[in-house]
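Examination of the molecular architecture
Listed here are the chains, written in short residue letters.
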Amino acid sequence: MKTRILKINPLKIEEEKIKIAAQNIREGNLVVFPTETVYGLGANALDEKAVKNIYKAKGRPGDNPLIMHFDKIENIKEYVYIDEKLYEKLKLLVPGPITFVLNKRSNVPDIVSANRPTVAVRVPAHPIANKLIEYSGVPIAAPSANLSGRPSPTIVEHVIEDMFGKVEIIIDGEDVDFGLESTVIDLTEDIPVLLRPGPILPENLEKIFGKIKIPEFIYGKVKVDEAKAPGMKYRHYAPDKKTILIEFSDKRIDIIKEKVKDYKNPLLVLFEEDKKYFEGYDIIVSGKINDYYNIAVNLFSMLRKADKTKNDVIIIEGVEDKGLGISIMNRLRKASSEII
Ligand code: AMP
Ligand code: MG
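What comes next is a walk through the structure. Everything numeric in this text was worked out from a predicted model, so none of it was measured.

Turning next to the overall build of the chain. Helix and strand counts for the chain come out as ten helices and 15 strands. Its C-alpha atoms give the chain a radius of gyration of 20 Å, within 12% of the compact-globule value 20 Å for 340 residues. Dimensions of the chain, computed from the C-alpha atoms along their principal axes, are close to 60 × 50 × 35 Å. Residues counted as buried form 58% of the 340 residues belonging to the chain. Sequence separation of at least 24 residues holds for 66% of the intrachain contacts in the chain that already meet a minimum separation of 6. Of the roughly 14,600 Å² that the chain leaves accessible, carbon and sulfur atoms contribute 50%. Charge-centre separation for the chain: the mean point of 52 positive side chains lies 2 Å from the mean point of 51 negative side chains.

Take a look at the structure:
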């Protein structure tokens, strides 16, 4: 397939280019577009054949549902059941990097929800994503625009690596803002359940929804409850190379010094502050030790970079399980082949 790349400046959007992409969505084609979280691989959510092609292009298992993206929150009402009280709460969180799981109406194709009675909906805050959905005139079904199992793309070069030749359009809309996929919360039960930690933190959710459930699997340490969080059961975000995660602790420097002895040519992914202890080693800096926002933004891009080097193993420092650190560790534990 011939892939066309459309370069669009998110701060100065050229309408003609968005119109070309929107026309492609309406025709049942695949369009990769930037969002504030990661790049998405989109198709008309109401066109089953088009949605099937998303699964094909990614090599995604058919039991892993997609997210339906809307330009305005009021438009979700046509596709999900939601009472006014809950709807008012959602309005406080959108647009933004958060996805709501709600009971779907019968007009949502089963392929979007992977045959579930629920569907995930999101209103992205990215100007290109927003205009694309608006001009398409239909909700856009989209997962992240990576090959299944690989780290989500946060820069257009990584989209091109995975999707060139498999989609009609790639919108190059510059680097994303957050670098972690949206927070996913299930609102179909009395107490909301966090299904995927992301940029919107549990403490923000509790301010709006009151108490929420945070299952153990959110931390990435135990097996996922497949029924609840279908997408999280698969090994994810994973480099091909052996990847060893060192859990955060005061002893981390000594642990890494021991571990590197086992390998000929390790690549170390370290905090800026810890670099000085490992002179002579190949190092990628993940960020400053307390700057979780910056570590999150660069996380997936760093995993891809680490995978391309000639080193025989990646040894990576983990952060603490607090705030955004929970979302970072959820991804890192899934990406690792060994955790110490
Ligand atoms: P991706 O955008 O590639 O991160 O994929 C969307 C994610 O949303 C999937 O991995 C699912 O875990 C989650 N998701 C989508 N629909 C549902 C649903 N109906 N119930 C629970 N989780 C869902
Ligand atoms: Mg994904």
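By the alternation rule, side chains of strand β9 (residues 183-186) split into T183 and I185 and V184 and D186, which are all buried. As defined by bridge partners, strand β5 (residues 98-103) adjoins β9 across four bridges and the pair is classed as parallel. By the bridge assignment, F100 is partnered in β9 with I185. When β9 meets strand β10 (residues 193-196), the two strands line up antiparallel, connected through three bridges. The residue of β10 that forms the bridge with V184 is R196. Between the end of β9 and the start of β10, which pair antiparallel, lie six residues.

Right, let's talk about the side chain of D162 for a bit. In this structure, D162 sits in helix α6 (residues 156-163). Judged by relative accessible area, D162 falls into the buried class, the value being 3%. Side-chain polar atoms of D162 contact the side chain of R304, separated by 2.9 Å. Look past the residues within four positions of D162 in its chain and what remains in contact with it is A145, N146, L147, R150 and R304.

Thresholds applied
Per-chain numbering applies: the sequence of each chain, read as written, is numbered from 1 onward. Following the order in which they are written, the chains are lettered starting with A and the ligands numbered starting with 1. Restriction of local features to residues with pLDDT of at least 70 applies here, the model being predicted, together with a cutoff of 80 or more for giving and counting side-chain atom pairs; totals for whole chains, interfaces and linings are based on all residues. The basis for every side-chain value is the complete set of heavy atoms in the structure, and neither hydrogens nor water enter the calculation. Only DSSP runs of H or I covering at least 4 residues are called helices, and only runs of E covering at least 2 are called strands; the numbering of each starts at the N terminus. As defined in this context, the radius of gyration uses C-alpha atoms, and a globule is described by 2.2 Å times the residue total to the power 0.38. For the exposure calls, accessible area comes from a 1.4 Å probe over protein chains only, and a residue counts as buried if that area is under 20% of its type's maximum, exposed if over 50%, partly exposed in between. Two residues form a contact once any of their heavy atoms are found within 4.5 Å. Surface exposure here means Shrake-Rupley accessible area, sampled with a 1.4 Å probe, where a residue is shielded only by the protein chains that are shown. Under the convention used here, Asp and Glu are negative, Lys and Arg are positive, and both His and the chain ends fall outside the count. Taken as the charge location is NZ of Lys, CZ of Arg, CG of Asp or CD of Glu. Following DSSP output, two strands are said to pair if at least two bridges run between them. A 3.5 Å cut-off defines polar contacts: any pair of N or O atoms within that distance qualifies, except that in protein one atom must be a possible hydrogen donor and the other a possible acceptor, and neighbouring residues in sequence count only when both atoms are side-chain atoms.

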